[in-house]
Amino acid sequence: MAAVSLENWEERIRDPKVECMSSDEMAALQSKRLVDVVKRVYDHVDFYHKKMKETGVEPGDIRSIEDINKLPFTTKEDLRANYPFGLLAIPQSDVVRVQGTSGTTGKLTIAPYSQKDVEVWGECVARCLTMAGLTKDDILHVCYGYGLFTGGLGLDFGARALGAMTIPMSAGNTKRQMMVMEDLGATAFACTPSYALYLAESIQEAGLTDRLKIRAGIHGAEPWTEEMRKKIENILHINCFDIYGLCEITGPGVAMDCIHHAGLHVNADHFYPEVLNPATNEACADGETGELVFTTLSKEAMPLLRYRTKDLTSIDHSRCACGRTTPRISKFTGRTDDMKVIRGVNVFPTQVETALLGIGGAVAPHYMMIVDREDNLDVLTVMVEVDESMFSDEIRKLDALRDKIAAILKTALGVSVRVKLVEPKSIQRSEGKAVRVIDNRNL
């Protein structure tokens, strides 16, 4: 199967009227929707009524999108405190489905949807699939999990809105995934990037690469790097796209990158993005990294004002080469809650991934970070898979590789690292969100 290149990739835009709208037109649409949603939550959601009263804000104070900084923030803790339906803005009888977080300790984070919410969600995902070049003639193999987790159903709704055939495989059973991909002629697949890499390696080992019709991969639900994207693309000879969303806002389809991979286009007519300095809550300039905050502009069942995602990114409001004018957010450097402070240094798993993928050769892009505290000092150990042939070499060669990786990671992270070399496939593979960090410090 020949590699798919940018040159022979047809650029498609599902809704040019919205996706290529001028900044003034978009601001007018966002302003109208913000005024409406603020009045609705003030009138129908006790939580927001009380919060706005406490901050001295009334619906009449919000006249345009530029007034958004007058509104209070919403956090995941607020959602948990109002579990399950304390933030409903419509009668519960009008809720047609709920989705939930993929799994945390304690109560789930529940997000209810009206019928219109489901339709908007599907349309947003359809826009994203169109960015990846998909049409109604495509066959989308979905190996995200189905259920409360939004991944599987979100891509399913999007493919349905697009008119494409969906293979709802869900997660797991990699051999069966590969068989169905081949037998049903899937032209695109959707899953987490960590599982996409595992699946790509499995396809390569099985000798199926040239027998599949896959030309695009839709991956999200966890941070990943450009290096990982290129590795998946090089194995399968496809184009991979980064889709973003979160259950609280709607699920996948909030944003996705186009073929130019110059940031993820936000469906800003439905989800207004802010990137704020986490310490001061001031707006970041374009290109400056901060915390992503969303306000839902059209959600009926559970609208959220200024929801703090904890995702770290930057924003770009310039026109993309694809012609879209929607704001673009950069690939995430991590989250404020998976950032680890090790001896005063902020460390993200994506930094480790980038460093390892840059080494190449005998080093595999599978790793595990383990943080311990010894004698009141933080110690970071990184387990790294290496080619099996390395273990038949002289010990001094293994030591040299270990020292090389440790030096590269120290430069990348700014903190010294213990490196433990392990055999291929000894680090557990993930079919959902990859667990990259184990923190034993009990901070």
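Residues numbered from 1 in each chain as written. Predicted model: local features only at pLDDT ≥ 70, side-chain atom pairs only at ≥ 80, totals over all residues. Heavy atoms only, no water.

Asker: In this structure, what is going on with unusual backbone geometry? I would like to understand it.
Answerer: Apart from glycine, the bulk of residues carry a negative phi angle, and the bulk of peptide bonds sit in the trans form. The omega torsion across Tyr83 and Pro84 is -5 degrees, close enough to zero to call that bond cis. Along the chain, the position of Pro84 falls in the loop between helix H4 (76-81) and strand S1 (97-100). The phi torsion at His237 lies on the positive side, around 60 degrees, for a residue other than glycine. Its location among the elements puts His237 in the loop between helix H9 (226-236) and strand S7 (239-246). What makes His237 partly exposed here is its relative accessible area of 25%. (Helix = DSSP H or I, 4+ residues; strand = E, 2+ residues; numbered from the N terminus. Buried < 20%, exposed > 50% of the residue type's maximum accessible area, 1.4 Å probe, protein only.)

Asker: When you look at the sheet that holds strand S18 (residues 363-374) in this model, what are you seeing that I'm missing?
Answerer: Two strands in a sheet stick together by hydrogen bonds in their backbones, pointing the same way (parallel) or opposite ways (antiparallel). Taken together, the 4 strands give an open sheet; going across it, the order is S20-S19-S18-S21, and neighbouring strands pair in mixed fashion. Edge positions in the sheet fall to strand S20 (418-422) and strand S21 (437-439), since each has one partner strand and no second. Direction aside, the axes of adjacent strands within the sheet are offset by 20 degrees on average. In this sheet, S21 lies alongside S18 in parallel orientation, the contact comprising 3 bridges. Counted as the bridge partner of Val371 is Asp439 from S21. (Pairing = 2+ DSSP bridges. Axes fitted to C-alpha atoms, helices over the stretch in contact; angles between N-to-C directions.)

Asker: Would you mind going over helix H10 (residues 349-359) with me for this structure?
Answerer: The periodicity of an α-helix, 3.6 residues per turn, causes residues three or four places apart in sequence to face the same way. Of all 11 residues in H10, 8 are buried, a share of seventy percent or more. Of the positions making up H10, those classed as buried are Pro349, Thr350, Val352, Glu353, Ala355, Leu356, Leu357 and Ile359. On its buried face, H10 is in contact with H9, strand S17 (345-347), S18, strand S19 (377-386), helix H11 (395-413) and S21. Gly360 sits one or two positions beyond H10 and adopts a positive phi of about 70 degrees. (Contact = heavy atoms within 4.5 Å.)

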